[in-house]
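# A closer look at the structure
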Amino acid sequence: MRARVDIPVQRADGAWQPGQMITFTGLGDGLEHVAVQFGPIAEVPLVRLHSECLTGDVFGSARCDCGPQLTESMQLLAASGGVLLYLRQEGRGIGLYNKLDAYRLQDRGLDTFAANRELNFSDDLRDYRSAAQMLKALGATRIKLHTNNPDKAAQLSSYGIDVAEQIRTGIFRNERNDHYLRAKAEYGGHSIELVEGTA
């Protein structure tokens, strides 16, 4: 670990919850990932791996479900304790500019994975080795993982993290991200149950 900084986070009920933002040195990919920790590390802490999404997390874009998933996880972790790993992997690893280029292709009818392929990227470039390093540095080698993405659990397991349980996130579906969520479920292997007529 590099440093810990206290940060207050506001819960859904309006109360302030103390947390800590943690930085790291020596991560395998050299990127500036951070952890946000709420309370002491439990024997089997709840953990969320959240890949950076500037459009959804910061600007509230309705094209994806990233912003609502981040909010949900932060509220859950602030209430019950655990760790959020905020990973600098914009656009499933292709970067912000390429993600915006992929958006243009999606506007022409391609789904999110086909758009990446059109730009000569694979479906998902994310590697969670650094996430595993961060968890080990925090002493969290057996976790409950808050995700709909089985690849996160599989990769963490391959890097020595025992995923004892997967807890699904909510389904944040709207008319603008319906096509995106369908692609994640069909091609990305995400555990998303889309009930017809609920968009």
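Residues numbered from 1 in each chain as written. Predicted model: local features only at pLDDT ≥ 70, side-chain atom pairs only at ≥ 80, totals over all residues. Heavy atoms only, no water.

## What about the state of the cysteines?
The condition that has to hold: Count a disulfide wherever a pair of cysteine sulfur atoms falls within 2.5 Å. Residue burial is assigned from relative accessible area. The probe radius is 1.4 Å, only protein chains are included, and a residue is buried under 20% of its type maximum, exposed over 50%, and partly exposed in between.
The final tally for this structure, using the stated rule, is zero disulfides. In this structure Cys64 is a free cysteine whose sulfur lies 3.5 Å from that of Cys66, the closest cysteine sulfur available. Judged by its relative accessible area of 5%, Cys64 falls in the buried class.

## A look at the environment of Gln106
For clarity, the cut-off: Secondary structure is summarised from DSSP: a helix means a run of H or I of at least four residues, a strand means a run of E of at least two, and numbering begins at the N terminus for each. Pairs of residues are marked as contacts when any of their non-hydrogen atoms sit within 4.5 Å.
When you line up the elements, Gln106 lands in helix α3 (residues 96-106). The class of Gln106 is buried, set by a relative accessible area of 18%. Gln106 sits 10 residues away from Asn116 along the chain, and the two C-alpha atoms are 9.5 Å apart. In this structure, Gln106 is in contact with Arg63, Asp111, Thr112 and Ala115, ignoring residues within four places of it in sequence.

## Here's the deal with helix α2 (residues 66-80)
Stated formally: Working rule for helices: expected span equals 1.5 Å times residues minus one. Arc, as used here, means the arc of the directions from the helix axis to the C-beta atoms.
Relative to the 21 Å expected for 15 residues at 1.5 Å per residue, α2 spans 21 Å between its end C-alpha atoms, a close match to the ideal helical length. Within α2, burial applies to Cys66, Gly67, Gln69, Leu70, Ser73, Met74, Leu77 and Ala78. Along α2, the residues classed as buried sweep out an arc of 160° about the axis, all on the same side. Exposed and facing more than 90 degrees away from the buried side of α2 are Ala79 and Ser80.

## Overview of the pairing of strand β2 (residues 16-23)
The condition is simple: DSSP-based pairing: two strands are paired if at least 2 bridges between them are found.
Taken together, the eight bridges between strand β1 (residues 3-10) and β2 define a ladder with antiparallel strand orientation. Bridge pairing in β2 links Ile7 to Gly19. Here three bridges tie β2 to strand β3 (residues 34-38), and the two strands are oriented antiparallel to one another. Among the inter-strand pairings, Gln20 is bridged to a residue of β3, identified as Gln37.

## Here's the deal with the side chain of Asn116
By the secondary structure assignment, Asn116 is in helix α4 (residues 112-118). Leaving out residues up to four positions away in the same chain, Asn116 has contacts with Gly91, Arg92, Ile94, Ala102, Phe121, Ser122 and Asp123.

## Side note on the side chain of His146
Following the sequence through the fold, His146 ends up in strand β6 (residues 142-146). When neighbours within four sequence positions are excluded, His146 is seen to be in contact with Leu46, Val47, Arg48, Glu72, Ser73, Leu76, Ile167, Arg168 and Thr169.

## Side note on the confidence of the model for the protein
In plain terms, the rule: Confidence per residue, as judged by the predictor, is encoded in pLDDT with a range of 0 to 100.
Taken over all residues, the pLDDT of the protein has a mean of 87, while the share at 70 or more is 85%. When mean pLDDT is compared element by element in the protein, helix α5 (residues 129-137) scores highest at 98, while helix α7 (residues 178-186) scores lowest at 57.

## Some points on the nonpolar core
Convention followed: Nonpolar cores were defined as sets of buried Ala, Val, Leu, Ile, Met, Phe, Trp, Tyr and Cys residues, with membership established by side-chain atoms within 4.5 Å.
One finds Ala35, Leu49, Leu85, Leu135, Ile143, Leu145 and Leu156 to be the most contacted residues of the largest nonpolar core, which totals 23 residues. Listing elements by their share of this core, those giving two or more residues are β4 (46-51), β5 (82-87), α5, β6 and α6 (150-158). Ignoring any residue separated from it by four or fewer positions in sequence, one finds Leu156 in contact with Leu49, Tyr128, Ala131, Ala132, Leu135, Ile143, Leu145, Ile161 and Val163. Counting 11 residues, the second largest nonpolar core, distinct from the first, contains Val34, Val36, Phe38 and Leu70.

## Let's talk about the pattern of salt bridges
To keep it simple, the criterion reads: By definition here, a salt bridge exists when the distance from a side-chain nitrogen of Lys or Arg to a carboxyl oxygen of Asp or Glu is within 4 Å.
Summed over the entire model, instances satisfying the criterion amount to six salt bridges. A salt bridge links Glu52 to Arg88; the nearest nitrogen and oxygen atoms lie 3.1 Å apart. On the criterion of sequence distance, the pair formed by Glu52 in the loop between β4 and α1 (54-58) and Arg88 in the loop between β5 and α3 is long-range, its members being 36 residues apart. Among the ionic pairs, Glu90 bridges to Lys99, the shortest N-O distance being 2.4 Å. By relative accessible area, which is 8% here, Lys99 ends up buried.

## Here we look at unusual backbone geometry
Notably, Arg92 is not glycine yet its phi reads approximately 55°, a positive angle. Within the secondary structure layout, Arg92 lies in the loop between β5 and α3. We classify Arg92 as buried; its relative accessible area is 12%. Here the phi dihedral of Asn120 falls at roughly 70°; this positive angle occurs in a residue that is not glycine. Within the secondary structure, Asn120 is located in the loop between α4 and α5.

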